[in-house]
Amino acid sequence: MPYVLPQPLTPSAAEPGTVYTVASGDLRPAANVTGWPSQQKLEADLAAALTDLGRTVRRAHDVDETKGQGFMDGALHVDLGRASVVELPEEETRRRLDATTPEWPIMHAVLHGVTRDQFMARHRANHLNVAYAPDAATADKALRAKAALFEELGLRVHLCGGVSL
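Residues numbered from 1 in each chain as written. Predicted model: local features only at pLDDT ≥ 70, side-chain atom pairs only at ≥ 80, totals over all residues. Heavy atoms only, no water.

### Brief notes about the overall build of the protein
- Counting its regular elements, the protein contains four helices and six strands.
- The secondary structure elements of the protein, listed N-terminal to C-terminal, are β-α-β-β-β-α-β-α-α-β.
- For the protein, with 165 residues in total, the buried portion stands at 20%.
- Residue pairs at least 24 apart in sequence account for 69% of intrachain contacts in the protein once pairs closer than 6 positions are excluded.
- For the protein, the exposed area adds up to about 12100 Å²; of that, 57% sits on carbon and sulfur atoms. (Helix = DSSP H or I, 4+ residues; strand = E, 2+ residues; numbered from the N terminus. Buried < 20%, exposed > 50% of the residue type's maximum accessible area, 1.4 Å probe, protein only. Contact = heavy atoms within 4.5 Å. Areas by Shrake-Rupley, 256 points an atom, 1.4 Å probe, with all protein chains shown as cover.)

### A short note on the nonpolar core
- Residues Val78, Leu80, Leu143, Ala147, Phe150, Leu155, Val157 and Val163 constitute the largest nonpolar core, which totals eight residues.
- Of all the elements in the fold, those that place two or more residues in this core are strand S3 (77–80) and helix H4 (136–152).
- Take this core: its biggest share by element is three residues, from H4.
- Ignoring sequence-local partners within four residues, the contact set of valine 157 consists of Val78, Leu80, Ala147, Phe150 and Glu151. (Core = buried A, V, L, I, M, F, W, Y, C linked by side-chain atoms within 4.5 Å.)

### Observations regarding the confidence of the model for the protein
- Scored by pLDDT, the protein comes out at a mean of 83, with 87% of its residues at no less than 70.
- The least confident element of the protein is helix H3 (residues 116–123), whose mean pLDDT is 74; the most confident is helix H1 (residues 29–52), at 94. (pLDDT = per-residue confidence, 0-100.)

### Thoughts on the environment of valine 22
- Examined against the element boundaries, valine 22 turns out to sit in the loop between strand S1 (18–21) and H1.
- Measuring from C-alpha to C-alpha, the distance between valine 22 and arginine 58 comes to 9.1 Å, with 36 residues separating the pair along the chain.
- Discounting residues that sit within four places of it in the chain, valine 22 has contacts with Ala60, His61 and Met72.

### Quick notes on the side chain of histidine 61
- With respect to the secondary-structure elements, histidine 61 resides in the loop between strand S2 (56–59) and S3.
- Taking relative accessible area as the criterion, histidine 61 reaches 16% and is therefore assigned buried.
- Polar side-chain contacts of histidine 61 include one of 2.9 Å to the backbone nitrogen of alanine 23. (Polar contact = N/O pair within 3.5 Å; in protein donor to acceptor, adjacent residues only side chain to side chain.)

### Thoughts on the pairing of S1
- Across four bridges, the pairing between S1 and S2 is parallel. Residue pairing across strands places threonine 18 opposite threonine 56, the latter belonging to S2. (Pairing = 2+ DSSP bridges.)

### Looking at the environment of glutamate 151
- Mapping glutamate 151 onto the fold places it in helix H4.
- Separated by 73 residues in sequence, glutamate 151 and valine 78 have C-alpha atoms that sit 9.3 Å apart.

### Structural notes on the packing of aromatic side chains
- Evaluation of the coordinates by the stated rule reveals one aromatic pair.
- Ring plane angle 75° and centroid distance 5.6 Å describe the contact between tryptophan 36 and phenylalanine 71, whose orientation is recorded as edge-to-face. Within this pair, whereas tryptophan 36 is found in helix H1, its partner phenylalanine 71 is found in the loop between S2 and S3, the two being separated by 35 residues in sequence.
- Judged by relative accessible area, phenylalanine 71 falls into the buried class, the value being 14%. (Phe/Tyr/Trp six-rings, centres within 6.5 Å; stacked < 30°, edge-to-face > 60°.)

Shown next as structure tokens:
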């Protein structure tokens, strides 16, 4: 089944005077269940302190009673797709290099079957993980190998755009 990128979400406005909490969790469900009582105490203590300062506290995500904990632990995901590297004029490459930090290399790429806006909406970034290949057949092999590796590591793999494996 092809993976469809979601439409960009319109963030809701934060309520004035409200502090939103996020409880990031562990990929190990047992660790989250074990740590949940300590997290609840921490959240209660934080809410009391902030309430004394005139603030309201809200969780940014729900507690999942069926799991017995309220950490954000949904699995890790990775999106894989195909792209082609394109050459741009030297002036454009220089402009882009000047607009970023030297720690981030620049690659000019055209994503297959995924628009820039779809990519940015899903990831809130414009960073790619790249495997270079000399031709389409080798690129497909690299994509299959990356997908297998990520699945072995426990990540949920989504194939994006014009990918057919």
